[in-house]
Amino acid sequence: MAFPETDVIKALIQHGFRPVYRSSAVTVLVHPEQPGLEARVGTTQSVIEREGREIYRAPHGDFDIKRALAVFSSERSRES
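Only a predicted model underlies this, so the values are computations on that prediction, with no experimental measurement involved.

**Student:** Give a detailed account of the sheet that holds strand S5 (residues 53-59), specifying residues and quantitative values.
**Tutor:** Strand order in this open sheet of five strands is S1-S2-S3-S4-S5, and the pairing throughout is antiparallel. Strand pairing shows two members of the sheet lacking a second neighbour, strand S1 (18-22) and S5, which therefore form its edges. Taking each pair of neighbouring strands and ignoring which way they run, the sheet shows an average axis angle of 20°. Bridge analysis of strand S3 (residues 37-42) against strand S4 (residues 45-50) gives five bridges, and the strand direction is antiparallel. Pairing of leucine 37 across the sheet is with arginine 50, part of S4. Across the sheet, helix H1 (residues 5-14) lies against S1, strand S2 (26-30), S3 and S4, angled at about 160° from S3, the strand it touches most.

**Student:** An account of the nonpolar core is requested, with residue identities and associated values reported.
**Tutor:** Counting 19 residues, the largest nonpolar core has Leu12, Phe17, Leu29, Ile48, Tyr56, Phe63 and Phe72 as the members making the most contacts within it. Listing elements by their share of this core, those giving two or more residues are H1, S3, S5 and helix H2 (65-79). For this core, the element with the highest residue contribution is H2, accounting for five residues. Sequence-distant contacts of leucine 12, defined by excluding residues within four places in its chain, comprise Phe17, Leu29, Ala39, Val41, Ile48, Phe63 and Ile65.

**Student:** Explain the packing of aromatic side chains to me, using residue names and the numbers behind them.
**Tutor:** Taken as a whole and assessed by the stated rule, the structure comprises one aromatic pair. On the numbers, 5.7 Å between centres and 85° between planes, the contact of tyrosine 56 with phenylalanine 63 is edge-to-face. The exposure class of phenylalanine 63 is buried, given its relative accessible area of 0%.

Calculation rules
- Residues numbered from 1 in each chain as written.
- Predicted model: local features only at pLDDT ≥ 70, side-chain atom pairs only at ≥ 80, totals over all residues.
- Heavy atoms only, no water.
- Pairing = 2+ DSSP bridges.
- Helix = DSSP H or I, 4+ residues; strand = E, 2+ residues; numbered from the N terminus.
- Axes fitted to C-alpha atoms, helices over the stretch in contact; angles between N-to-C directions.
- Contact = heavy atoms within 4.5 Å.
- Core = buried A, V, L, I, M, F, W, Y, C linked by side-chain atoms within 4.5 Å.
- Buried < 20%, exposed > 50% of the residue type's maximum accessible area, 1.4 Å probe, protein only.
- Phe/Tyr/Trp six-rings, centres within 6.5 Å; stacked < 30°, edge-to-face > 60°.

What follows is the structure in structure tokens.
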């Protein structure tokens, strides 16, 4: 499913992320219930990292919130 930049941000917020930094080029979001999980939404692509390690990257045209959630859920379960 394709998302423009603002829709990517809205989708992440709906799933518990909170913006901590915004500029004209990037919005950084963190998940308060999952320390170390950070999303960067730029003008053309989004990146999700856990503890500084990239776990998901997609251009906005290919961003899939279900896939992103599945990736960081599987990462979280590996830590348990």
